[in-house]
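Take a look at the letters that make up each chain.
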Amino acid sequence: MANYKNLFMRHMDRNDIKYTDVKENVVKVVYSGDNLQTIPIYVFFDKDGDPLVSFKCWNIANFKDKEAAGIIKCNELNNQYRWVKFYIDNDADVITQIDSYVDEENCGDVCLSLVKRMVNIIDEAYPDIMKYLWA
C-alpha cells in the first residue's frame, strides 16, 4: 500500500516547496496571499493508507457572536466556489475544506494543485468575509 504522505512530501522536495511534517498523517503548507498574509493548509492523509486526502484551513476569520452572519456568508461562498467547502465550526471559526482521492502516480501533482487552488480561493474570498464580518 502506498504511503501517500511520503509521495506528497517527495513531490514538494523535488519542487523546492517548504512544508512542515506536523505528525504521522499531517503535512502543513503555508503560503502568503495578496489579502491574507498567512494561509496555512493542513493536508490530512488517511491513517490506514486509503487514497483519500483532506485539505483544511481554519485560520481565516471568527464569527463569534455573529454565527448567523457567518453561516449566511459561508453559504454564499459555497455557491460561488465549487472546489472549496466553507463552514463555521463550534468555535465560530470559518473553516475551508477539500477532499480528494489520489493514486500513486498523481498524488504529488493533485495534492499540490489542490493546496494552491485552496490558497487562491481563500485569499480571493477573504476581503468579502471581512466585509461581512464587520458589517
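Residues numbered from 1 in each chain as written. Predicted model: local features only at pLDDT ≥ 70, side-chain atom pairs only at ≥ 80, totals over all residues. Heavy atoms only, no water.

Draft legend 1. Spatial organisation of helix 1 (residues 4–14). Along helix 1, the residues classified as buried are Tyr4, Lys5, Leu7, Phe8, Met9, His11 and Met12. Buried-residue contacts for helix 1 involve strand 1 (20–23), strand 2 (26–31), strand 3 (39–45) and helix 3 (107–134). One side-chain oxygen at the N-terminal end of helix 1 lies 3.3 Å from the backbone nitrogen of Lys5; it belongs to Asn3. Asp16 sits one or two residues past helix 1 and shows a positive phi near 55°. (Buried < 20%, exposed > 50% of the residue type's maximum accessible area, 1.4 Å probe, protein only. Helix = DSSP H or I, 4+ residues; strand = E, 2+ residues; numbered from the N terminus. Contact = heavy atoms within 4.5 Å. Polar contact = N/O pair within 3.5 Å; in protein donor to acceptor, adjacent residues only side chain to side chain.)

Draft legend 2. Representation of the pairing of strand 2 in the model. Bridge count for strand 1 against strand 2 is three bridges, and the pairing is antiparallel. Each residue of the ladder has a partner; that of Asp21, found in strand 2, is Val27. Counted along the chain from strand 1 to the antiparallel partner strand 2, the turn is two residues long. Sheet topology note: the strand 2/strand 3 ladder contains six bridges and is antiparallel. Bridge pairing links Tyr31 to Ile39 in strand 3. (Pairing = 2+ DSSP bridges.)

Draft legend 3. The arrangement of the pattern of salt bridges in detail. Using the criterion set out here, one finds three salt bridges in the structure. Across the pair Asp21 and Lys5 runs a salt bridge whose closest N-O atoms are separated by 2.5 Å. Of the two residues, Asp21 sits in strand 1 while Lys5 sits in helix 1, which places them 16 residues apart along the sequence. Residue class for Asp21 comes out partly exposed when judged on its relative accessible area of 43%. Between Lys73 and Glu76 there is a salt bridge, with its nearest N and O atoms 2.6 Å apart. (Salt bridge = Lys/Arg side-chain N within 4 Å of Asp/Glu carboxyl O.)

Scope: geometric values only; no functional claims are made or implied.
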